[in-house]
Amino acid sequence: MESSDVIEPQIKKEPARLRGFRDAVWLNRSRLGAYPKLFLIAYAVSVAGWLLMGHGLTDRKGKPIGADFVEFWSASNLTLGRTPASAYKQSSLWAAERAAVASKTLAFTPFPYPPPCLLMIAPLASLPYLWSLAVWSAVGLLLYLWVLRRITHDATDSVWLTLAFPGAVINLMNGQNGFITL
């Protein structure tokens, strides 16, 4: 077989406008440092707007601030009230959740965790709901950042990138346990 007999594959030329995304020369160190901070500003403005449009401890749609946290705080409140089994009884837990955020229309959030979890979350209701949510979120975020620091050994860039990760903001807004359980 001669070299002239070899069939050259037809390679479709990549449009020039897409090469910038593939090569990502525009994503330099200074932009990598600036973009997360811009995202955090946008998140802060969005969260402030979300809170300002709410009513008391609920947003404009009736969901509580810390929508995933309300079940923990309410189960803790029932536990500290010496009725831990009530955390697994829908009517009792639902009443505690509604009382926690002063909402008569709050949708029910079950407490699907096993009873030993009650021991870990019991101290939560020793503080008022918002203070407890703030402590829960702060401790979770600090643990998250501590683990990240141990993994990356880089305190500056990785912190900004981690804080700008949408999952971190969602975790903070909803009072999820993701910082602790991941």
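All of these numbers come straight from a predicted model, not from anything done at the bench.

> What should I look at first to understand the overall build of the chain in this one?
If you tally the helices and strands in the chain, you get 9 helices and 0 strands. By principal-axis analysis of the C-alpha atoms, the chain measures approximately 90 × 40 × 35 Å. Among the 182 residues that make up the chain, the fraction classed as buried is 32%. With the model as given, the accessible surface of the chain reaches about 12,300 Å², and the carbon-plus-sulfur share is 66%. Between the centroid of the 17 positive side chains of the chain and the centroid of its 11 negative side chains there is a distance of 14 Å.

> What is the right way to read the nonpolar core from this model?
The nonpolar side chains of a soluble globular protein tend to be buried, and buried together. One finds F69, F72, W73, F111, I121, L124 and Y129 to be the most contacted residues of the largest nonpolar core, which totals 24 residues. Among the secondary structure elements, those contributing two or more residues to this core are α3 (70–80), α4 (90–100), α5 (116–121) and α6 (129–152). Broken down by element, this core gets its largest block of residues, 5 residues, from α3. Setting aside anything within four residues of it in sequence, one finds W73 in contact with A100, L124, A125, L127, P128, Y129 and S132.

> For this particular structure, what's the right way to read α6?
In an α-helix there are 3.6 residues to a turn, and that puts residues three or four apart on one side. Across its 24 residues, α6 extends 34 Å between first and last C-alpha, which sits within 8% of the 34 Å expected from 1.5 Å per residue. Of all the residues in α6, the buried ones are Y129, S132, L133, W136, S137, G140, L141, Y144, L145 and L148. Immediately downstream of α6, the backbone of H153 shows phi near 60°, a positive value.

> Help me understand the packing of aromatic side chains in this model?
Ring pairs (aromatic) are described by centroid distance and by the angle formed between their planes. Per the counting criterion, the structure on display carries 11 aromatic pairs. Counting every residue linked through ring pairs, the aromatic cluster contains F69, F72, W73, Y88, F111, Y113, Y129 and W136.

> Before we go on, may I ask you to explain the confidence of the model for the chain in this structure?
Close inspection of predicted coordinates is inappropriate for parts of the model with low pLDDT. Here the chain averages 87 in pLDDT, while 90% of its residues score no lower than 70. Taken element by element, the chain is modelled with least confidence in helix α1 (residues 16–23), mean pLDDT 71, and with most confidence in α3, mean pLDDT 97.

> Looking at this structure, I do not really get the packing of α6 against helix α7 (residues 157–164). What am I missing?
Angle between the axes and distance between the axes: these two values describe a pair of packed helices. Relative to each other, α6 and α7 sit at 135°, their axes nearing to 10 Å. Between α6 and α7, the interaxial angle falls into the category oblique. Judged by the sense of rotation from one axis to the other, the crossing of α6 with α7 is right-handed. Here α6 contributes L141, Y144, L145, L148 and T152 to the contact with α7, which in turn contributes S158, V159, T162 and L163. Residue composition of the contact of α6 with α7, by class: 6 nonpolar, 3 polar and no charged.

> Sorry if this is basic, but what is going on with the packing of helix α2 (residues 29–52) against α7 here?
Running from N to C, α2 and α7 cross one another at 40°; their axes reach a closest spacing of 9 Å. Considering only the axes of α2 and α7, their crossing is left-handed. Packed against α2, whose contacting residues are R29, L32, P36, K37, F39, L40 and Y43, the element α7 presents D157, W160, L161, L163 and A164 at the interface. Within the contact of α2 with α7, the residues separate by chemical class into 9 nonpolar, no polar and 3 charged.

> Explain the side chain of D59 here, please?
Turning to its location among the elements, D59 is positioned in the loop between α2 and α3. Here D59 sits buried without a salt bridge, and the closest side chain of opposite charge, K63, lies 5.7 Å off (N-O distance). Looking at D59, its side chain comes within polar contact range of the side chain of W50, at 3.2 Å. In contact with D59, not counting residues within four places along its chain, are W50 and G54.

> Explain α2 to me, please; I cannot follow it from the model alone.
The terminal C-alpha atoms of α2, which comprises 24 residues, lie 36 Å apart, in line with the 34 Å expected from a rise of 1.5 Å per residue. Every buried residue of α2 is accounted for by G33, P36, Y43 and W50. Buried residues along α2 sit in contact with α7 and α8 (166–174).

Rules of the game
- Residues numbered from 1 in each chain as written.
- Predicted model: local features only at pLDDT ≥ 70, side-chain atom pairs only at ≥ 80, totals over all residues.
- Heavy atoms only, no water.
- Helix = DSSP H or I, 4+ residues; strand = E, 2+ residues; numbered from the N terminus.
- Buried < 20%, exposed > 50% of the residue type's maximum accessible area, 1.4 Å probe, protein only.
- Areas by Shrake-Rupley, 256 points an atom, 1.4 Å probe, with all protein chains shown as cover.
- Lys, Arg positive; Asp, Glu negative; His and termini not counted.
- Charge placed at Lys NZ, Arg CZ, Asp CG, Glu CD.
- Core = buried A, V, L, I, M, F, W, Y, C linked by side-chain atoms within 4.5 Å.
- Contact = heavy atoms within 4.5 Å.
- Expected span 1.5 Å × (residues − 1).
- Phe/Tyr/Trp six-rings, centres within 6.5 Å; stacked < 30°, edge-to-face > 60°.
- pLDDT = per-residue confidence, 0-100.
- Axes fitted to C-alpha atoms, helices over the stretch in contact; angles between N-to-C directions.
- Parallel < 35°, antiparallel > 145°, perpendicular 65-115°, else oblique.
- Left-handed = near helix turned anticlockwise from the far one by under 90°.
- Nonpolar A, V, L, I, M, F, W, Y, C, P; charged D, E, K, R; others polar.
- Salt bridge = Lys/Arg side-chain N within 4 Å of Asp/Glu carboxyl O.
- Polar contact = N/O pair within 3.5 Å; in protein donor to acceptor, adjacent residues only side chain to side chain.

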